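Analysis of the macromolecular model
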Amino acid sequence: MAIINQATKELQVKIVYYGPAMGGKTTNLVKVHENLQTAQEKGKLVSLATSSDRTLFFDFLPIEAVAIKGFKTKFQLYTVPGQVIYNTTRQLVLRGVDGIVFVADSQYEKMQENVESFANLEDNLRTLKMNLGDIPYVLQYNKRDLPTIAPVEYMEFLLNNRDVQVPSFSASASKCDGVFETLNMITRMLLHKFINESGRKSA
Amino acid sequence: MATLPQLIEEDIRQFDSALNDLLTKSEATSALIMDKGGFLITQCGEVRRFDFTTLGALAAAMYAATQGIASLVNEVNFSSVYQQGENFSLLVHNVDEHCLLVVIFRAQISVGAVKFYALNTISDVARQLQAAQARTPGEGFDLSVLNIADTADLFRKKQA
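These figures come from a predicted structure and were not determined experimentally.

Some details on the overall build of chain A
Helix and strand counts for chain A come out as 5 helices and 9 strands. For chain A, the succession of helices and strands along the chain, N to C, is β-β-α-β-β-β-β-α-β-α-β-α-β-α. Radius of gyration (C-alpha) of chain A: 16 Å, near the 17 Å computed for a compact globule of 203 residues. Counting only C-alpha atoms and orienting by the principal axes, one finds that chain A spans roughly 50 × 35 × 30 Å. By residue count, 44% of the 203 residues in chain A fall in the buried class. Of the contacts made within chain A by residues no fewer than 6 positions apart, 69% connect residues no fewer than 24 positions apart.

Shown next as structure tokens:
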């Protein structure tokens, strides 16, 4: 859960990129790291990956947003390993998550994996006594630049068909298209949530 | 899910005092208090020598993985993790439900001594966290003063 440190005037928030294997979660972080305007503080991108560049534990990128009314907002971006066998690791990374970006692979043949990964996310949150309905999340339909992709409407039907629809973005993470739009939306949703909760507490 | 209380200057001052006491007695190089989710709460000692943001995130993940191993061998909890290096060693110790203490010390220093002094630090930190938890929630910083309109583009992409 987010940390509010009044001594240092900091709000620290954890965002996890979740989704099926080879869907582009790590690429999202790499592109954020490469393309973030230099004026903003960004840390080192750490990848705990296998020799074949598949995420083994997680990728980690700390970034700092411009101060809002004197309050520094630090975002820690994590990815989870997509492969099915690393489920325990995914649970570890989800611990204390504040917001989620679900990165789906737009290729037709990956639809089943997308749906399974989404169900796996819900299962893992339940294990951690959390509920997807309480956590801000957005969907990213990645790899829109590839030839054999499913229509966005179909992906919406498969993945964004719950009681409350969430924002979704078409993206080609390898070209950095849609990457910042996704990140800015989840950060905005998170800050809204904190402000609303803070308002309720003080009411 | 239970979470850390809002921390005010008094809390951080108490944490820093406990950490500095530990560094003096144990001759360790640096000490940090971490949230188990990977957030750095405060750090003391040689703070420029290491990248604490990354170190904290990795140490929290390592500790979490160790807890997974503990449950596999029917242990409720491994309370600490020790990594021995050639120049520096690392001790990660549980503080309470939410927090960890991370100590970096020169490899020549005995881990037993660091652990011994760390136990006092842990009880000091845990006590302060309880005090913070018990504080009236109304005293916390009101986030509604943040201007949400400013968040439209928190992160900007470099122009090509």
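Quick look at helix H2 (residues 52–72) of chain B
Residues spaced three or four apart along an α-helix point in a common direction, a consequence of the helix completing one turn every 3.6 residues. Residues and elements named next belong to chain B. End to end, H2 covers 30 Å across 21 residues, agreeing with the expected 30 Å (1.5 Å per residue, within 8%). Buried within H2 we find Thr-53, Gly-56, Ala-57, Ala-59, Ala-60, Ala-61, Tyr-63 and Ala-64. Looking one or two residues beyond H2, the residue adopting positive phi is Asn-74, at roughly 60°.

Regarding the sheet that holds strand E1 (residues 30–35) of chain B
All names here are of chain B. In spatial order, the strands read E2-E1-E5-E4-E3; together these 5 strands make up an open sheet with antiparallel pairing. The open sheet terminates on both sides in strands that have one partner only, identified here as strand E2 (40–45) and strand E3 (80–83). Across the sheet, the axes of successive neighbouring strands diverge by a mean angle of 10°, strand direction being ignored. For E1 and E2, the ladder comprises 5 bridges, and the chain directions are antiparallel. If you follow Ile-33 over to E2, its bridge partner there is Thr-42. Each of E1, E2 and strand E5 (99–106) touches helix H1 (residues 9–26); the most contacted strand, E2, lies at about 40° to it.

Reading the values: the criteria
Residues numbered from 1 in each chain as written. Chains lettered and ligands numbered in written order. Predicted model: local features only at pLDDT ≥ 70, side-chain atom pairs only at ≥ 80, totals over all residues. Helix = DSSP H or I, 4+ residues; strand = E, 2+ residues; numbered from the N terminus. Rg over C-alpha atoms; globule rule 2.2 N^0.38 Å. Buried ≥ 20, exposed ≤ 12 C-beta atoms within 10 Å, placed from the backbone. Contact = placed C-beta atoms within 7 Å. Expected span 1.5 Å × (residues − 1). Pairing = 2+ DSSP bridges. Axes fitted to C-alpha atoms, helices over the stretch in contact; angles between N-to-C directions.

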